[in-house]
Amino acid sequence: PTTVYASSTRLRYRLGYDFRLGSARERPILRLSDELHVMAGDRPLDRPFDQIRLQAGIDWPLGRGLALETAYLWWYQRRTAGGVVDRDYLRVSVVS
């Protein structure tokens with residue numbers, strides 16, 4: 001079977017803020033962000049705001065340039081064929 005996909009243009013806008021929890025350099029960092037996807041293709045009036053992604057997390061310094069990053073992401077997306085995707089993600093990473 002052949003599947004046909006319709007492409008469209010999507011603009012992304014992400015606003016984020018990092019807030020150090022304390023005055024010392026080795027303190028945790030609170031990270032907050034909001035990402036909005038706006039349709040700009042052939043039919044943007046049907047569903048102009050396509051996706052929203054909200055994220056909150058904390059980076060915990062481990063020393064030696066490493067940090068443990070913990071985060072929660074809420075992802076909401078309107079589907080082209082109708083309906084929505086509403087998902088929750090938890091992420092734990094070691095970053096350098």
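Notes on the structure in this doc start here. Once a new chain begins, its residue numbering starts again from 1 and follows that chain's sequence as written. With pLDDT at 70 or above as the cut-off, local features in this predicted model cover only qualifying residues; side-chain atom pairs require 80 or more to be listed or tallied, and sums for whole chains, interfaces and linings still use all residues. Remark: hydrogens and water are excluded; side-chain values derive from all non-hydrogen atoms of the structure.

Excluding glycine, residues mostly carry a negative phi; peptide bonds, for their part, are mostly trans. Phi is positive for arginine 64, which is not a glycine, with a value near 55°. Strands are runs of DSSP state E lasting at least 2 residues, helices are runs of H or I lasting at least 4, and numbering of each runs from the N terminus. As for its placement among the helices and strands, arginine 64 is situated in the loop between β3 (49-63) and β4 (66-78).

Here a cavity means grid points, on a 1 Å grid over the protein atoms only, where a 1.4 Å probe fits yet cannot get out; a pocket means an open set of points with protein on both sides within 12 Å along at least five of seven lines; lining residues are those with an atom within 4 Å of a point. Grid points are joined across faces, edges and corners, and a volume is the space filled by probe spheres set on the points. Empty space within the second largest pocket amounts to approximately 210 Å³. Surrounding the second largest pocket, 13 residues form its lining, Glu26, Ile29, Pro61, Leu66 and Ala67 being those nearest its centre. Elements that contribute at least two residues to the lining of the second largest pocket include exactly β2 (29-39), β3 and β4. In the scheme used here, Gly and all other residues not listed as nonpolar or charged are polar, with Ala, Val, Leu, Ile, Met, Phe, Trp, Tyr, Cys and Pro taken as nonpolar and Asp, Glu, Lys and Arg as charged. In terms of residue class, the lining of the second largest pocket is built from five nonpolar, two polar and six charged.

Glancing now at the sheet that holds β4. In a beta sheet, neighbouring strands pair by backbone hydrogen bonds and run either parallel or antiparallel. If you walk across this open sheet you meet the five strands as β1-β2-β3-β4-β5, and the pairing is antiparallel. Since the sheet does not close on itself, it has two edges, and those belong to β1 (10-20) and β5 (84-95), each with one partner. Each strand axis lies, on average, 10° off the axis of its neighbour in the sheet, ignoring direction. Pairing between two strands is assigned when DSSP locates at least 2 bridges connecting them. Across eleven bridges, β1 lies against β2 in antiparallel orientation. Note that in β2 the partner of aspartate 18 across the bridge is arginine 31. Helix axes use the C-alpha atoms of the stretch in contact, all axes being lines fitted to C-alpha atoms, and the angles between their N-to-C directions lie in the range 0 to 180 degrees.

Turning next to the environment of glycine 63. Its place among the elements puts glycine 63 in strand β3. Exposure remark for glycine 63: the relative accessible area of 26% places this residue in the partly exposed category. Along the sequence, glycine 63 and serine 96 sit 33 residues apart, while their C-alpha atoms lie 9.8 Å from each other. Buried, partly exposed and exposed residues are distinguished by accessible area as a fraction of the type maximum, computed with a 1.4 Å probe on protein chains only: under 20%, between the cut-offs, and over 50%, respectively.

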